[in-house]
Amino acid sequence: MKRQLKTLLLACAVACGVVNGAANAQAPAFPDKPIVLVVPFAAGGPTDVVARMIAIPMGKSLGQTVLVENTVGAGGTIAATRVARAAPNGHTIFIHHMGMATAPALYKKLSFDPLKDFEYIGQVVDVPMTMLARKDFPANNFAELQTYIKANKEKVSLANAGLGAVSHLCGLLFMTAMETDLNTIPYKGTGPAMNDLLGGQVDLLCDQTTQTVPLIKEARVKVYGVTTLKRLSALPNVPTLDEQGLKGFEVKVWHGMYAPKDTPAAVIDKINVALRAALQDPMVKQRLADLSSDVPPMDKITPAGLKTHLEAEIKKWGPVIRKAGIYAD
Ligand code: ASP
């Protein structure tokens, strides 16, 4: 009996010691190893370009390398699921565009909830889009494109980066405005879609200026218009789709940075400081300006700024998508 009591007391002492020890232990310093920044589309595309642009200065601020990982497929939802299930310690973070707001309405079965499964770090950048064709596509300007599509719609292919990608949404808006229905071809990002446009395997693509400005300037693709209501300083000679007759045609792609739910507030704060510093880095600012992409105001590069915007965008896109009857099983 005495022996049993002694064993029990010993066990308790060990257990209590462990508990006390854990309570007294210092929270591990963050970051204590490289940080993985998950990009939901293929390498070389616009989201990847933005991620790689900010990864280096963010890494400098954080004192650890920020590694970009491309987890592709299903319009960005595979990557979002991966991040939602990652350890909430700040070593896995996520950059995604407005697909985070359209996914709940587009996907019947979604294995993450944009409003419940993440912590918000801040908005990142706002990027216009351009409507392009392969270099040898027969239509040389927007008027010719309209005529060509009217006569040949069954022959025309339109690439996108999958359901929920902004190239998909831009393509849908474009087809609605043009009152046509083209053959849409999904890719795992507009990086590979652009490779096929450059190689002549697909005809049309709507894509962000973070990928398209240099290709337009080098005349490696044909451009029919920009998706903003005003012309872009990076492409002053390219008319807007709006001014050419597609009244009100406007798509500007916002991006946000996220971490898994329950990532500690102090960690989110450190990452937010690094994100803000990266977006104020003179080289990053200049590169983004050269691509007519805007750094959001500082009050948007905050957890609250992103959360409020995401909530509003989910409310905005839900009814539009449901009305259009587009969804994935
Ligand atoms: N531009 C793509 C989209 O359409 C994504 C990407 O490849 O960055 O959503």
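My aim in this report is to walk through the structure given alongside it, one point at a time.

## Points about the overall build of the protein chain
Alright, step 1. Regarding its fold elements, the protein chain presents 11 helices and 9 strands.
Alright, step 2. For the C-alpha atoms alone, the extent of the protein chain along its principal axes is close to 95 × 45 × 35 Å.
Alright, step 3. In the protein chain, which comprises 329 residues, the share counted as buried stands at 52%.
Alright, step 4. Considering only contacts within the protein chain whose residues lie at least 6 apart along the sequence, 77% involve residues at least 24 apart.
Alright, step 5. Summed over all atoms, the accessible surface of the protein chain reaches about 15300 Å², with 57% contributed by carbon and sulfur.
Alright, step 6. On the protein chain, the mean spot of the 35 positive side-chain charges and the mean spot of the 28 negative ones are 7 Å from each other.

## As for the site of the ligand
Alright, step 1. In the vicinity of the ligand, the contacting residues are Phe41, Pro46, Thr47, His97, Ala161, Ala165, Val166, Ser167, Gly189, Thr190, Asp207 and Gln208.
Alright, step 2. The contact in question runs from an oxygen atom of the ligand to an N or O atom on the side chain of threonine 47, over 2.6 Å.
Alright, step 3. Expressed as a share of its isolated accessible area of 270 Å², the protein-covered part of the ligand is 100%.
Alright, step 4. Those elements giving two or more residues to the shell around the ligand turn out to be α2 (46-62), α6 (166-178) and β7 (204-208).

## Quick look at the packing of aromatic side chains
Alright, step 1. All chains considered together, the criterion is met by 6 aromatic pairs.
Alright, step 2. Both rings, one in phenylalanine 94 and one in phenylalanine 118, keep their centres 6.3 Å apart while their planes meet at 25°; by these two values the pair is stacked. Separated by 24 residues along the polypeptide, phenylalanine 94 in strand β3 (residues 92-97) and phenylalanine 118 in strand β4 (residues 118-134) bring together distant segments of the chain. Exposure class is identical for phenylalanine 94 and phenylalanine 118. Each is buried.
Alright, step 3. Look at phenylalanine 112 and phenylalanine 118: their rings are 6.1 Å apart centre to centre, the planes differ by 80°, and that puts the pair in the edge-to-face class. There is no split in this pair, since phenylalanine 112 and phenylalanine 118 are both buried.
Alright, step 4. Through successive ring pairs, a cluster of aromatic residues spans Phe94, Phe112, Phe118, Tyr120 and Tyr258.

## Here's the deal with the pattern of salt bridges
Alright, step 1. Enumeration over the complete set of coordinates arrives at 12 salt bridges.
Alright, step 2. The partner of aspartate 48 in a salt bridge is arginine 52, with the nearest N and O atoms 2.9 Å apart. Linking aspartate 48 with arginine 52, this pair stays in helix α2, spanning 4 residues, or about one helical turn.
Alright, step 3. On the basis of relative accessible area, aspartate 48 is assigned to the buried category, the value being 4%.
Alright, step 4. One continuous salt-bridge network, built from bridges that share partners, spans Arg134, Asp136 and Asp203.

## Things to note about helix α7 (residues 190-198)
Alright, step 1. Among the residues making up α7, those that are buried are Thr190, Gly191, Ala193, Met194 and Leu197. Seen from one end, α7 has its buried residues packed into an arc of 160°, which puts them on one side.
Alright, step 2. Of the residues flanking the end of α7, it is glycine 200, one or two places downstream, whose phi is positive at about 85°.

## Examining the packing of helix α4 (residues 99-106) against helix α11 (residues 303-324)
Alright, step 1. Across the interface, α4 lies against α11 with an axial gap of 8 Å and an inter-helix angle of 40°. Taken together, the axes of α4 and α11 are oblique relative to one another. For the crossing formed where α4 meets α11, the hand is right-handed. Two secondary-structure elements touch here, α4 through Met100, Ala101, Thr102, Ala105 and Leu106 and α11 through Leu310, Glu313, Ile314, Trp317, Gly318, Ile321 and Arg322.
Alright, step 2. Taken together, the residues that form the contact of α4 with α11 break down as 8 nonpolar, 2 polar and 2 charged.

## Examining the side chain of serine 293
Alright, step 1. Checked against the element boundaries, serine 293 lands in the loop between α10 (282-290) and α11.
Alright, step 2. Looking at serine 293, the relative accessible area reads 5%, which means it is buried.
Alright, step 3. Apart from the residues within four sequence positions on either side, serine 293 is in contact with Val125, Asp126, Val127, Pro128, Thr209, Thr210 and Leu288.

## Notes on the nonpolar core
As a rule of thumb, soluble globular proteins bury nonpolar side chains together.
Alright, step 1. With 51 residues, the main nonpolar core has Leu145 and Leu204 as its most contacted residues.
Alright, step 2. Here this core takes 6 residues from α6, the largest share from any one element.
Alright, step 3. Counting 49 residues, the second largest nonpolar core, distinct from the first, contains Ala55, Val125, Tyr187 and Leu235.

## A short note on the environment of asparagine 89
Alright, step 1. Mapped onto the secondary structure, asparagine 89 falls in the loop between α3 (77-84) and β3.
Alright, step 2. Distance from asparagine 89 to serine 157, taken between C-alpha atoms, is 43 Å for residues 68 residues apart in sequence.

Thresholds, definitions, all that
- Residues numbered from 1 in each chain as written.
- Predicted model: local features only at pLDDT ≥ 70, side-chain atom pairs only at ≥ 80, totals over all residues.
- Heavy atoms only, no water.
- Helix = DSSP H or I, 4+ residues; strand = E, 2+ residues; numbered from the N terminus.
- Buried < 20%, exposed > 50% of the residue type's maximum accessible area, 1.4 Å probe, protein only.
- Contact = heavy atoms within 4.5 Å.
- Areas by Shrake-Rupley, 256 points an atom, 1.4 Å probe, with all protein chains shown as cover.
- Lys, Arg positive; Asp, Glu negative; His and termini not counted.
- Charge placed at Lys NZ, Arg CZ, Asp CG, Glu CD.
- Near = heavy atom within 4 Å.
- Polar contact = N/O pair within 3.5 Å; in protein donor to acceptor, adjacent residues only side chain to side chain.
- Phe/Tyr/Trp six-rings, centres within 6.5 Å; stacked < 30°, edge-to-face > 60°.
- Salt bridge = Lys/Arg side-chain N within 4 Å of Asp/Glu carboxyl O.
- Arc of directions from axis to C-beta.
- Axes fitted to C-alpha atoms, helices over the stretch in contact; angles between N-to-C directions.
- Parallel < 35°, antiparallel > 145°, perpendicular 65-115°, else oblique.
- Left-handed = near helix turned anticlockwise from the far one by under 90°.
- Nonpolar A, V, L, I, M, F, W, Y, C, P; charged D, E, K, R; others polar.
- Core = buried A, V, L, I, M, F, W, Y, C linked by side-chain atoms within 4.5 Å.

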